[in-house]
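Working through the structure, step by step
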Amino acid sequence: ATRCSSEGANWERSHQTKLANVVFTMALHDRLHLAGSHVRAIVCDCGVVKSAPENSPDFEQSSLTSSDFLFGFAVAHSVENASLPALYACFSPDAGSGDFWGPSGFFSGEPTQLAKGGKFGSPCYDTLALDGPARSDLWDQSEAECGRFDIFPSA
């Protein structure tokens, strides 16, 4: 697969990275809760964005097929709209620790709360993000790479 196609290593890495962000945030939420901390761990996903791949150093003009182009513009949303889940996560009075904010549609749409307090409304996310061993394994590997991260109770 080519760099801008919807298949292959780059897309696989993108999916793994998004999943790792969710799993790590849920692991952080668990640890904050156990420590009695008032710090909130919130994760968000921007969905598929209509960005300008031609400005990327990795872009290869020949790799973008007409079906990729049409698919991207059919389901993607603007860079501005893609920032909304992050804004909701930061500023919504409904946002709390263990929440996951993302587009209401599969790829785009109004921001919505996909998980609240570490509990997901979709079985799609439940399987991987709520898996206890995945959370602890990712946390352990992160500490092995970056050093121990102690969480203290809020004063």
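Residues numbered from 1 in each chain as written. Predicted model: local features only at pLDDT ≥ 70, side-chain atom pairs only at ≥ 80, totals over all residues. Heavy atoms only, no water.

A few points about the sheet that holds strand β4 (residues 119–120)
Taking strand neighbours across the sheet as the criterion, the four strands line up as β1-β2-β3-β4 in an open arrangement whose pairing is mixed. Only two strands of the sheet have a single neighbouring strand rather than two, namely β1 (43–44) and β4. Pairing analysis gives two bridges linking β1 to strand β2 (residues 100–103), with the strands arranged parallel. Within the sheet, the bridge partner assigned to Cys44 lies in β2 and is Trp101. Contacts from helix α4 (residues 84–91) reach β1, β2 and β3 (111–116), with the element oriented near 150° to β2. (Pairing = 2+ DSSP bridges. Helix = DSSP H or I, 4+ residues; strand = E, 2+ residues; numbered from the N terminus. Contact = heavy atoms within 4.5 Å. Axes fitted to C-alpha atoms, helices over the stretch in contact; angles between N-to-C directions.)

Description of a nonpolar patch on the surface
On the surface, Leu87, Tyr88 and Phe91 cluster together to form a nonpolar patch covering roughly 330 Å² of accessible area. With respect to the helices and strands, the residue Leu87 is situated in helix α4. We classify Leu87 as partly exposed; its relative accessible area is 42%. (Patch = residues over 30% accessible without salt bridge, like charges linked within 9 Å, V, L, I, M, F, W, Y side chains within 5 Å. Areas by Shrake-Rupley, 256 points an atom, 1.4 Å probe, with all protein chains shown as cover. Salt bridge = Lys/Arg side-chain N within 4 Å of Asp/Glu carboxyl O. Buried < 20%, exposed > 50% of the residue type's maximum accessible area, 1.4 Å probe, protein only.)

Quick notes on the packing of aromatic side chains
Following the criterion strictly, the structure yields four aromatic pairs and no others. Residues Phe24 and Trp139 carry aromatic rings whose centres are separated by 5.0 Å and whose planes lie at 15° to one another, so their mutual orientation is stacked. In this pair, Phe24 is assigned in helix α1 (residues 9–35) and Trp139 in helix α6 (residues 132–146), connecting sequence segments 115 residues apart. In this structure Trp139 comes out as buried when scored by relative accessible area, which is 4%. Ring geometry for Tyr88 against Trp101: centres 5.6 Å apart, planes inclined by 40°, an arrangement best described as tilted. On the criterion of sequence distance, the pair formed by Tyr88 in helix α4 and Trp101 in strand β2 is long-range, its members being 13 residues apart. One aromatic cluster in this structure is built from Phe24, Trp139 and Phe149. (Phe/Tyr/Trp six-rings, centres within 6.5 Å; stacked < 30°, edge-to-face > 60°.)

A closer look at the nonpolar core
In this structure, Val22, Met26, Val43, Phe100, Leu114, Ala115 and Phe120 together form the largest nonpolar core, which totals seven residues. Going through the elements one at a time, α1 and β3 are the ones with two or more residues in this core. In this structure, Ala27, Leu32, Ala41 and Trp139 belong to the second largest nonpolar core, which totals five residues. (Core = buried A, V, L, I, M, F, W, Y, C linked by side-chain atoms within 4.5 Å.)

Structural notes on the side chain of Asp99
In this fold, Asp99 is placed in the loop between α4 and β2. Despite its burial, Asp99 remains without a salt bridge, the nearest opposite charge being carried by Lys116 at 4.2 Å. When sequence neighbours within four positions are dropped, the list of residues in contact with Asp99 reads Met26, Ala41, Ile42, Val43, Asp94, Gln113, Ala115, Lys116 and Gly117. (Lys, Arg positive; Asp, Glu negative; His and termini not counted.)

What to know about the pattern of salt bridges
Summed over all chains, the structure comprises three salt bridges. When the shortest N-O distance is used, the salt bridge between Lys18 and Asp45 registers 2.9 Å. Residue Lys18 is found in helix α1, and its partner Asp45 is found in the loop between β1 and α2 (66–75); the two are separated by 27 residues along the sequence. Linking Arg148 and Asp150 is a salt bridge whose minimum nitrogen-to-oxygen distance equals 2.8 Å. The class for Asp150 is partly exposed, based on a relative accessible area of 39%.

Considering the confidence of the model for the protein
Confidence in the prediction for the protein averages 78 pLDDT; 70% of positions are at 70 or higher. Here α2 is the element of the protein with the lowest mean pLDDT, 56, and β1 is the one with the highest, 92. Across residues 1–5, confidence stays below pLDDT 50; counting only partners more than four residues off in sequence or on other chains, it has 16 contacts. Predicted confidence for residues 61–67 stays below pLDDT 50, and this span has eight contacts to residues more than four positions away or in other chains. (pLDDT = per-residue confidence, 0-100.)

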